Amino acid sequence: MGDGRTGGANRPAWLQQYELIGKIGEGTYGLVFLARLKPPHPAPGRRGPPIAIKKFKQSKEGDGVSPTAIREIMLLREINHENVVKLVNVHINHADMSLYLAFDYAEHDLYEIIRHHREKLSSSINPYTVKSLLWQLLNGLNYLHSNWIIHRDLKPSNILVMGEGDEHGIIKIADFGLARIYQAPLKPLCDNGVVVTIWYRAPELLLGGKHYTSAVDMWAVGCIFAELLTLKPLFQGVEAKNPPNPFQLDQLDKIFKVLGHPTVEKWPTLANLPWWQNDHQHIQGHKYENPGFHNIVHLPPKSPAFDLLSKMLEYDPRKRITAAQALEHEYFRMDPLPGRNALLPSQPGEKIVQYPIRPVDTTTDFEGTTSLQPTQPPSGNAPPGGQSVARPMPRQMPQQPMVGGIPRVAGGVTMAAFNAASQAGMAGLNPGNMPMQRGAGGQSHPHQLRRKADQGMGMQNPGYPQQKRRF
Ligand SMILES: Nc1ncnc2c1ncn2[C@@H]1O[C@H](COP(=O)(O)OP(=O)(O)OP(=O)(O)O)[C@@H](O)[C@H]1O
């Protein structure tokens, strides 16, 4: 085995199967690269499929990837749904114990699509596209939730959209299930200039709630729905860094100004939330009126779209609409009906929007620092003229969850064990043993969620209803 340096001849075996193209992004916990899987029988003009490889940093004092983290990752390999990004491979670099996850590549994401409309086109996203994107997002989320996976970090940059090809315009939810892996021993890249965002965080978490339920994802979906309609983040709070705690007064302030003050009458468990009790001066002392937020999202208050959005932004997580319920909402039964290719125009004759492809920084290798030799083959994603263009930074990143840490196991997992398991697809691991402290009190996910024993994680898109609905 090599040391993992892409510039050296002594590359690890797993790396040989990829043709690295360059860096496409940088998140809180690592770098994302574009590569191509080398075809088994190379021939001129034959290129393998594009793959996004996410590299996670290992902490300096890190002594391996915990078995729990590996179990989590291997479970993610069994996730199989059209609206969820496929984890195709898992690798560990022996030299620095860094972790690499290889996913199917998606050319676009909602962050860039929204930005393109706001900054380049100065026009809204057509209603068919908004509805199709939202429907697919809910469809993928419903699948994850019914497999007891709570995303916990939904935001526009984690919602990928496929570019040209068979799957054009199809949503793929990314970064699901990684929140737990992000905890020790992986190290946040705090010093890389990336800004963390709290804009999509549910009020129960902002008020110190300790348990994640599927309702936190539905709050984020509501924020994203509003953003698709207005092209602006709905609640743009400024994160308080000092002291680091979940109480984010400015974010709560932004929410209350739009939705009005929550009340114990409407949200009875509010009284149990730590920060509601502890901060009388700010939280309970200040009375916010509900200004009627239909004006902000430009929707008639009696419209199905507004009704759905209001149900996603319901304060009480137990009353918040679930993904399954949302998919049945009237909004999705009215014209324009949602479609499989969300990027099609609404009306015949309407121009197709050409969204920009991802810029690729072809000077960065898997180490994230070293310059590649200028022998890189031309990429379909490389910018014109072969110049390297870094993705605009900083992205807005959410703060990671503060509960549910992965216990570090001294010594970590041995590489031999990991590789054997990896080659075997970790089929031998017992998902039922996985401790999943993922929620309590959610309407569909009661205390101490456990993966449903009777539901195979490899199930194929159960109930994907596109044929029924003009997909
Ligand atoms: N499978 C993929 N295909 C194409 N691009 C991807 C893929 N996965 C992630 N990306 C892109 O890579 C960039 C960095 O992603 P990453 O998940 O590391 O960070 P993030 O989502 O922006 O922030 P955070 O790490 O805080 O969640 C984003 O622009 C994201 O859209």
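Counting of residues starts from 1 at the beginning of each chain's written sequence and follows it residue by residue. Totals for whole chains, interfaces and linings use every residue, but because this is a predicted model, local features are given only for residues with pLDDT of at least 70 and side-chain atom pairs only at 80 or more, for both listing and counting.

In the annotation of an unreviewed UniProt entry, the protein is listed under the name Cyclin-dependent kinase E-1 and assigned to Zea mays. UniProt positions are given in the numbering used here, feature names are shortened, and annotations may be inferred rather than shown by experiment. UniProt's Sequence similarities (unreviewed entry) comment on the protein is quoted here verbatim: "Belongs to the protein kinase superfamily. CMGC Ser/Thr protein kinase family. CDC2/CDKX subfamily."

S.K.: Sorry, what's going on with the overall build of the protein here?
M.R.: A helix here means a DSSP run of H or I that spans at least four residues, while a strand means a run of E at least two residues long, and both kinds are numbered starting from the N terminus. Broken down by element type, the protein carries 12 helices and 10 strands. Counting only contacts in the protein whose residues sit at least 6 apart along the sequence, the fraction spanning at least 24 positions is 73%. Residue pairs qualify as contacts under a 7 Å threshold applied to their C-beta atoms, which are placed from the backbone.

S.K.: Is there a simple way to explain helix α10 (residues 304–312) in this structure?
M.R.: Working note: α-helix, 3.6 residues per turn, so residues spaced by three or four point in the same direction. If you check which residues of α10 are buried, you get Ala305, Leu308, Leu309 and Met312. Viewed along the axis of α10, the buried residues span an arc of 100°, placing them on a single side of the element. Structurally, α10 contributes buried residues whose contacts are with α5 (214–230), α9 (294–297) and α11 (323–327). Exposed residues have 12 or fewer other C-beta atoms within 10 Å of their own C-beta, buried residues have 20 or more, and partly exposed residues fall in between, where C-beta atoms are placed from the backbone. The arc in question is the one traced by the directions running from the helix axis out to the C-beta atoms.

S.K.: Explain the pairing of strand β1 (residues 18–26) to me, please; I cannot follow it from the model alone.
M.R.: Every regular strand shows the same layout, with side chains that alternate between the two sheet faces. Burial analysis of β1 places 8 of its 9 residues in the buried class, the great majority of the element. Remark: 3 residues form the turn of the hairpin made by β1 and strand β2 (residues 30–37), two consecutive strands paired antiparallel. For two strands to pair, DSSP has to find at least two bridges joining them.

S.K.: Can you help me understand helix α3 (residues 127–146) in this one?
M.R.: Along its 20 residues, α3 runs 28 Å from first to last C-alpha, staying within 8% of the 28 Å computed at 1.5 Å per residue. Burial analysis of α3 places 17 of its 20 residues in the buried class, the great majority of the element. A helix is expected to reach a length of 1.5 Å times the quantity of its residues less one.

S.K.: Please explain the sheet that holds strand β7 (residues 159–161) as it appears in this structure.
M.R.: Picture the strands of a sheet paired through backbone hydrogen bonds; they go either parallel or antiparallel. Taken in spatial order, the 3 strands line up as β6-β7-β8 in an open sheet, and their pairing is antiparallel. With one partner strand each, in any of the chains shown, β6 (108–109) and β8 (171–173) form the two edges of the open sheet. Pairing geometry for β7 and β8, over 3 bridges, is antiparallel. When the sheet's bridge partners are listed, Val161 is paired in β8 with Ile171. Sitting on the sheet, α3 touches β7 and β8, and the angle it makes with β8 is about 35°. Angles here are taken between N-to-C directions and fall from 0 to 180 degrees, while the axes themselves are lines fitted to C-alpha atoms, restricted in helices to the stretch in contact.

S.K.: Where do I start with the UniProt feature "binding site: ATP" (unreviewed entry) in the protein in this structure?
M.R.: Following the UniProt record, one finds the feature "binding site: ATP" (unreviewed entry) at Lys55. By the secondary structure assignment, Lys55 is in strand β3 (residues 50–56).

S.K.: Can you help me understand the environment of Val84 in this one?
M.R.: Structurally, Val84 is set in the loop between α1 (67–77) and β4 (87–93). Between the alpha carbons of Val84 and Pro12 there is a distance of 29 Å; along the sequence they are 72 residues apart. Filtering out sequence-adjacent residues up to four positions away, Val84 remains in contact with Ile79, Gly140, Tyr143, Leu144, Lys172, Ile173 and Phe176.

S.K.: Any chance you could explain the sheet that holds β2 here in plain terms?
M.R.: With antiparallel pairing, 5 strands are arranged side by side in an open sheet as β1-β2-β3-β5-β4. Each edge of the open sheet is held by one strand with a lone partner, namely β1 and β4. The average undirected angle you get between the axes of adjacent strands in this sheet is 25°. Where β2 lies against β3, 7 bridges are found, and the strand directions are antiparallel. Of the residues in β3, the one forming a bridge with Phe33 is Ile53.

S.K.: In this structure, what is going on with unusual backbone geometry? I would like to understand it.
M.R.: Most of the time, phi is negative for any residue but glycine, and the peptide bond is trans. Here the bond from Asp335 into Pro336 is cis, since omega is -10°, no more than 30 degrees from zero. For Pro336, the location among the structural elements is in the loop between α11 and β10 (396–398). A positive phi is found at Leu231, a non-glycine position, where the angle reads about 70°. Counting through the fold element by element, Leu231 comes out in the loop between α5 and α6 (249–259). The partly exposed category is assigned to Leu231, around which 19 C-beta atoms lie within 10 Å. The backbone of His298 sits at a positive phi, close to 55°, despite the residue not being glycine.

S.K.: Would you mind going over the packing of α3 against α5 with me for this structure?
M.R.: Each packed pair of helices is defined by two parameters, the angle between the axes and the distance between the axes. Their axes nearest at 11 Å, the elements α3 and α5 cross at an angle of 170°. Judged by the angle between their axes, α3 and α5 are roughly antiparallel. On α5, the residues that touch Val130, Leu133, Leu134, Leu137, Leu138, Leu141 and His145 of α3 are Ser214, Asp217, Val221, Phe225, Leu228 and Leu229. Each residue gets one of three labels, nonpolar for Ala, Val, Leu, Ile, Met, Phe, Trp, Tyr, Cys and Pro, charged for Asp, Glu, Lys and Arg, and polar for the others, Gly among them. Grouping the constituent residues of the contact of α3 with α5 by class yields 10 nonpolar, 2 polar and 1 charged. Any angle that falls under 35 degrees is termed roughly parallel, while one over 145 is termed roughly antiparallel, one within 65 to 115 roughly perpendicular, and all others oblique.

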